[in-house]
Amino acid sequence: MKEYTFFPGCSSEKNASAANMEHSVQAMCKILGIQLNEIDDWNCCSASIGYAGGGQLPRLSMSARNFALAQQQRGMTDLVATCAACWLAMREAAERIEHEPEVRADVNVALKEANLSYEGGIKTRHLVEVLIEDFGWDALRAKVKKPLTGLKVAGYVGCQTNRPFGIAGESFENPLYLDKMIEATGATAVPYPKKVACCGGALMFTEVEKSCALVRDLLQCAVDNGAEVIVTPCPVCQLNVEVYQGKINQLFGTNFNIPVVYYSQLFVLSWGGSWEDAALNQQVVPAEVLRRFA
Amino acid sequence: MPVYTFRIQRNQKNGQGVLESRYQEYTLELPETTTVLNALEELKADQDGTITFRQSCRSAICGSCAMKISGRTRLACKTHVETVARNGVIELAPMANQPVLKDLVVDIGPFFRKVHQIKPYLEEGPEKAASVDRTSYDQVNHVTQCIMCGCCYSDCTMKEVSDEFIGPAALAKAFRFVSDPREGQKTARLQELSEAGGVWSCTRCAMCIDSCPKDVKPMEAIVKLRTRGMEKGFVDGPGPRHALAFHQDIQKWGDLNEFTLLQRTVGILGSIAELGTAFHLLKRGKIPSPFPHQAKGVEQLRTIYQLLEKNPIDVETKAKEVVPE
């Protein structure tokens, strides 16, 4: 059993938009022998939009409070996130606090208000990096009990796990980890030229028709390349690409109905987990094409 | 020496004056470190004199030779063939998000009209400072490196679907003027930039940071412009309201409330328009309680916020100096 300090984030909470990611991640970790120790009393990562009022520092301080709590509770351990937005926000905060002494000093002025301090040392990691670096491709392949043979999957990486930091060791323009994960489950990764394009998720509430046009292009690219299902590591991508298909069909006269799942759901299913373990009952666009492997 | 195949998008007008697009392939034997621009010149000189592209300085200063090279917009003069060849093939196409004139040449008029829209010159006015110290240059150093090549504009996610959006390069330039102590109309600029098609239309996908050949980081400038616009009170749009909703949730709950986020961004009527989407989510157990998890330490968060709001510490001005390439 390998243990990691865990930051779930708001979208992974009960009944939130990525509840199925959280459920399938827990199932995946159980099979693999990972224990995720949630930070007690964590707060929102501030995502990348919490910059209203007081400049950039509140945003960095929010992550710093989580780091301080993680250190108090678990010592100098790796801090693992599953949400792309949380991981990006934490990664940026960690790097700036580590490498910019003035930022570190300012953050600590703020943390002192809460009788906390953080001087650096936390390593922020995406769960995908844990799977690749600490377990490796052979271990992931060895767990497969029901290979997803014949399933054609488009691996949609999106932006937050790709720019500006990216998953360790991956190319910015053509990251391959998601395709390798798809292949590790026995499925086929179709070519997907839009794999690092943005879904426009940040504007889905504010400029919805433009965001829908971006998602339309992502869906069309997947369909054109023969994909039966889209897989992503990002809760923002998953939500936008999945739930707006009806609206997109209305807006543009298209006829999309393609399931969008998390990598963790594919792993759980191929490793012999049930439909419920993989939280596939929580898809808005039903993933019936996966039913034959359940 | 390795042999490379150049797959070049040829765009030429037919007899009726309509632009027709096709791909044409050429092969060349080249050392790995040859630039794409040198390869193009060799092709034009020895194989096909009709290939049309822009070029001038050959030193990544003029920005003329920006084009799509193997899927991403880059300067042909700064790109070695080996770094962009995929199985020996290098694909060349004109920049995106701009009208194509011929082969690899686009009309850069729309791009520069956006630059002119943000008034790329200092204006007289009440906010003009009398003295300029060195630190004020440090924070705009990275944006002054922009060479107006248009790589970011060509790779911009939002430009794919929005003519109105000002685009990364022009917004980065706008940041340079908003941050210049000698500028007299900082607030008026922020007001204009906060309107439709301005700083709030960026998807923050960071593509511009990745594709910029001069490390300008336009998205960082856009994010700073948002913060400064809100500080000046330009908060009456869906973009700022969305940001404020996040901000207030964090203070109130220490957590983000997906239930009320939409309602506070687009208002009650807008939320009703989205009820269909919400219903789909509800059926799948994906609508959270309106009373979410509240961090036990939420009092800690409030005290942190109160301190920072009373004494805003400007992290921006502490940005490290960017060393020009």
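Residues numbered from 1 in each chain as written. Chains lettered and ligands numbered in written order. Predicted model: local features only at pLDDT ≥ 70, side-chain atom pairs only at ≥ 80, totals over all residues. Heavy atoms only, no water.

Engineer: I tried to follow the overall build of chain A on my own but got confused; where do I start?
Structural biologist: Per the secondary structure count, chain A includes 11 helices and eight strands. For 294 residues, the compact-globule formula gives about 19 Å, and the C-alpha radius of gyration of chain A, at 19 Å, lands near that figure. Based on the C-alpha atoms only, the size of chain A along its principal axes is roughly 55 × 45 × 35 Å. Of the contacts formed within chain A by residues at least 6 apart in sequence, a portion of 77% connects residues at least 24 apart. Taken as a whole, chain A presents about 9700 Å² of accessible surface, with 49% of it coming from carbon and sulfur. (Helix = DSSP H or I, 4+ residues; strand = E, 2+ residues; numbered from the N terminus. Rg over C-alpha atoms; globule rule 2.2 N^0.38 Å. Contact = heavy atoms within 4.5 Å. Areas by Shrake-Rupley, 256 points an atom, 1.4 Å probe, with all protein chains shown as cover.)

Engineer: Would you take a moment to explain helix α8 (residues 186-193) of chain B for this structure?
Structural biologist: Since the α-helix packs 3.6 residues into each turn, any two residues three or four apart lie on the same face. All names here are of chain B. Buried within α8 are the following residues: Lys186, Arg189, Leu190 and Leu193. Along the axis of α8, the buried residues cluster in a sector spanning 100°; they form a single face. Residues of α8 that are buried make contact with α7 (168-178) and α10 (218-231). (Buried < 20%, exposed > 50% of the residue type's maximum accessible area, 1.4 Å probe, protein only. Arc of directions from axis to C-beta.)

Engineer: It is not clear to me how the sheet that holds strand β2 (residues 19-29) of chain B should be interpreted in this structure. Could you clarify?
Structural biologist: In a beta sheet, neighbouring strands pair by backbone hydrogen bonds and run either parallel or antiparallel. Residues and elements named next belong to chain B. On the basis of which strands lie adjacent, the open sheet formed by five strands has the order β2-β1-β5-β3-β4 and mixed pairing. Edge strands, defined here as strands with exactly one partner in the open sheet, are β2 and β4 (72-75). With strand direction ignored, the average angle separating the axes of adjacent strands in the sheet is 35°. (Pairing = 2+ DSSP bridges. Axes fitted to C-alpha atoms, helices over the stretch in contact; angles between N-to-C directions.)

Engineer: Quick question: what am I supposed to make of the interface of chain B and chain A here?
Structural biologist: One frequent convention defines the size of an interface as the accessible area lost when the parts assemble. Taken together, the contact between chain B and chain A spans 66 residues of the former and 69 residues of the latter. For the pairing of chain B and chain A, the buried interface totals around 6100 Å² over both sides, and the portion due to carbon and sulfur atoms is 61%. Between chain B and chain A we count four salt bridges in total. With a shortest N-O distance of 2.7 Å, B:Arg74 and A:Glu173 are connected by a salt bridge. Linking chain B to chain A there are six residue pairs in polar contact (both at pLDDT 80 or more). Only β4, α9 (207-211), α10, α11 (238-253), α12 (258-273), α13 (275-283) and α14 (298-310) of chain B provide two or more residues apiece to the side of chain B that touches chain A. Class assignment for the residues of the side of chain B that touches chain A results in 30 nonpolar, 18 polar and 18 charged. (Buried area = accessible area lost by both parts, 1.4 Å probe. Salt bridge = Lys/Arg side-chain N within 4 Å of Asp/Glu carboxyl O. Polar contact = N/O pair within 3.5 Å; in protein donor to acceptor, adjacent residues only side chain to side chain. Nonpolar A, V, L, I, M, F, W, Y, C, P; charged D, E, K, R; others polar.)

Engineer: Help me out: how do you make sense of the confidence of the model for chain B in this one?
Structural biologist: A low pLDDT means the predicted coordinates there should not be read in detail. All names here are of chain B. Overall, the prediction assigns chain B a mean pLDDT of 87, with 85% of residues at 70 or greater. Low pLDDT, under 50, characterises residues 317-325; the stretch is placed with 19 contacts to residues that sit more than four places away or in other chains. Of the two predicted TM-score estimates for the complex, the pTM is 0.89 and the ipTM is 0.87. (pLDDT = per-residue confidence, 0-100.)

Engineer: Sorry, what's going on with the domain arrangement of chain A here?
Structural biologist: Residue and element names in this part refer to chain A. Structurally, chain A comprises domain 1 (2-127) and domain 2 (138-293). If you look at the interface, domain 1 gives 25 residues, while domain 2 gives 27 residues. Around 2100 Å² of area is buried between domain 1 and domain 2 when both sides are counted, 71% of it from carbon and sulfur atoms. Among the residues of domain 1 in contact with domain 2, Asn20, Met28 and Ile31 are the three that bury the most area, contributing 26% of the side total. Between the two partners, domain 1 and domain 2, sit zero salt bridges. At the junction of domain 1 and domain 2, the tally comes to five residue pairs in polar contact (both at pLDDT 80 or more). (Domains from an automatic or database assignment.)

Engineer: I keep staring at the sheet that holds strand β1 (residues 2-7) of chain A and nothing clicks. Help me out?
Structural biologist: All names here are of chain A. Reading across the sheet, the four strands line up as β2-β1-β3-β4 and stay open at both edges, with parallel pairing between neighbours. If you trace the sheet from one side to the other, it starts and ends with β2 (34-38) and β4 (123-126), each paired once. Mean inter-strand twist for the sheet, computed between neighbouring axes without regard to direction, equals 45°. One ladder, built from three bridges, connects β1 with strand β3 (residues 78-81); its direction is parallel. Counterpart to Thr5 in the pairing with β3 is Leu79. Strands in contact with helix α2 (residues 57-74) are β1, β2, β3 and β4; relative to β1, the strand with the most contacts, it is inclined by about 150°. Against the sheet, helix α5 (residues 127-135) contacts β1, β2, β3 and β4, and its axis sits at roughly 90° relative to β4.

Engineer: Which parts of the structure should I look at to understand unusual backbone geometry?
Structural biologist: Only a minority of non-glycine residues have a phi that is not negative, and only a minority of peptide bonds are not trans. Look at the link from A:Arg163 to A:Pro164: it is a cis peptide, with omega at -10°. Phi angles above zero are rare outside glycine, and B:Lys119 is one such case at about 55°. Structurally, B:Lys119 can be placed in the loop between α3 (109-117) and α4 (134-138). By relative accessible area, B:Lys119 is classed as partly exposed at 25%.

Engineer: Before we go on, may I ask you to explain the packing of α2(A) against helix α3 (residues 84-99) of chain A in this structure?
Structural biologist: To characterise two packed helices, one gives the angle between the axes of the helices and the distance between these axes. Residues and elements named next belong to chain A. The N-to-C vectors of α2 and α3 enclose an angle of 90°; their axes lie 9 Å apart at closest approach. Taken together, the axes of α2 and α3 lie roughly perpendicular to each other. Residues Arg59, Leu60, Ser63, Ala64 and Phe67 of α2 form the contact with α3, whose own contacting residues are Ala89, Met90, Glu92, Ala93, Ala94, Arg96 and Ile97. Class assignment for the residues of the contact of α2 with α3 results in eight nonpolar, one polar and three charged. (Parallel < 35°, antiparallel > 145°, perpendicular 65-115°, else oblique.)

Engineer: Sorry if this is basic, but what is going on with the environment of B:Gln191 here?
Structural biologist: All names here are of chain B. Secondary-structure assignment places Gln191 in helix α8. For Gln191, a relative accessible area of 42% puts it in the partly exposed group. Each C-alpha atom of the pair Gln191 and Gly233 lies 8.9 Å from the other, and the pair is 42 residues apart in sequence.

Engineer: I would appreciate a short explanation of the nonpolar core in the present structure.
Structural biologist: A general trend in soluble globular proteins is that nonpolar side chains are found buried together. All names here are of chain A. Counting residues in hydrophobic clusters, the biggest one holds 49 residues, and the most contacted among them are Tyr263 and Leu290. Residues contacting Tyr263, with those up to four places away along its chain left out, are Met28, His126, Leu127, Val128, Leu131, Leu178, Met181, Val231, Thr232 and Pro233. With 42 residues, the next largest nonpolar core counts Phe7, Ala110, Leu111 and Ile122 among its residues. (Core = buried A, V, L, I, M, F, W, Y, C linked by side-chain atoms within 4.5 Å.)

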